[in-house]
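Spelled out from the first residue to the last, the chains are:
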Amino acid sequence: MGEKTFKSAKTEWRDVVLVCRKCSKKLDGGFGPDGDLTLKKALRKYLHLKTGKKGRKGALTVTGTDCFDLCPKGAVVAVNAARPQNLLIVPAGSDLFEVKALLGLNDGRRLKADQAE
């Protein structure tokens, strides 16, 4: 057999957020202004991933992943792949600004006055 050549693809991602698909399916929504979005969709919308650079050219991606084996009730597990030691259990209805901060994401927005201290 001949030698296999490995290829790579470049991205501009600073952060990759992984959201448990199993938790999301069990919860069936619970996030966003009307509480009808999954955490993945709500984060994408909140972080403006639908606008600007998309895919590999964006600065951030939010994607679904297999189970983390935590299975919290009424919550979804998420993690910033840059900080894999910190799995975040996000209860339904959580403030997305707080979720963003706890995941260590910086989308250029300033902290709220009460969180800046």
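Residues numbered from 1 in each chain as written. Predicted model: local features only at pLDDT ≥ 70, side-chain atom pairs only at ≥ 80, totals over all residues. Heavy atoms only, no water.

### Examining the overall build of the chain
- Assigned secondary structure in the chain consists of three helices and four strands.
- From first element to last, N terminus to C terminus, the chain shows the α and β order β-α-α-β-β-β-α.
- By residue count, 31% of the 117 residues in the chain fall in the buried class.
- Across the chain, the fraction of contacts at a sequence separation of at least 24, relative to all contacts at a separation of at least 6, is 61%. (Helix = DSSP H or I, 4+ residues; strand = E, 2+ residues; numbered from the N terminus. Buried < 20%, exposed > 50% of the residue type's maximum accessible area, 1.4 Å probe, protein only. Contact = heavy atoms within 4.5 Å.)

### Comments concerning the state of the cysteines
- For the structure shown, the criterion picks out zero disulfides.
- Cys 20 forms no disulfide, and the closest cysteine sulfur to it belongs to Cys 23, at a distance of 3.6 Å.
- Cys 71 takes part in no disulfide bond, and the closest cysteine sulfur, belonging to Cys 67, lies 3.9 Å away. (Disulfide = S-S within 2.5 Å.)

### Considerations on unusual backbone geometry
- The residue Asp 28 is not glycine, and still its phi comes out positive at about 55°.
- As for its placement among the helices and strands, Asp 28 is situated in the loop between α1 (21–27) and α2 (39–46).
- Looking at Asp 28, the relative accessible area reads 66%, which means it is exposed.
- Positive phi, close to 45°, is recorded for Cys 71, a residue that is not glycine.

### A word on the sheet that holds strand β3 (residues 75–80)
- Strand order in the open sheet formed by four strands is β2-β1-β3-β4, and the pairing between neighbours is mixed. Strands with a single pairing partner mark the edges of an open sheet, and in this sheet they are β2 (60–65) and β4 (88–91). Pairs of neighbouring strands in the sheet enclose a mean axial angle of 30°, with direction left out of account.
- The pairing of strand β1 (residues 15–20) with β3 spans three bridges and is classified as antiparallel. When the sheet's bridge partners are listed, Val 19 is paired in β3 with Ala 78.
- Together, β1, β2, β3 and β4 form the strand contacts of α2, whose direction differs from that of β2 by roughly 175°. (Pairing = 2+ DSSP bridges. Axes fitted to C-alpha atoms, helices over the stretch in contact; angles between N-to-C directions.)

### Describing a nonpolar patch on the surface
- Taken together, the side chains of Leu 70, Leu 87 and Ile 89 present a nonpolar region at the surface, about 250 Å² in accessible area.
- Its location among the elements puts Ile 89 in strand β4.
- Judged by its relative accessible area of 45%, Ile 89 is partly exposed. (Patch = residues over 30% accessible without salt bridge, like charges linked within 9 Å, V, L, I, M, F, W, Y side chains within 5 Å. Areas by Shrake-Rupley, 256 points an atom, 1.4 Å probe, with all protein chains shown as cover. Salt bridge = Lys/Arg side-chain N within 4 Å of Asp/Glu carboxyl O.)

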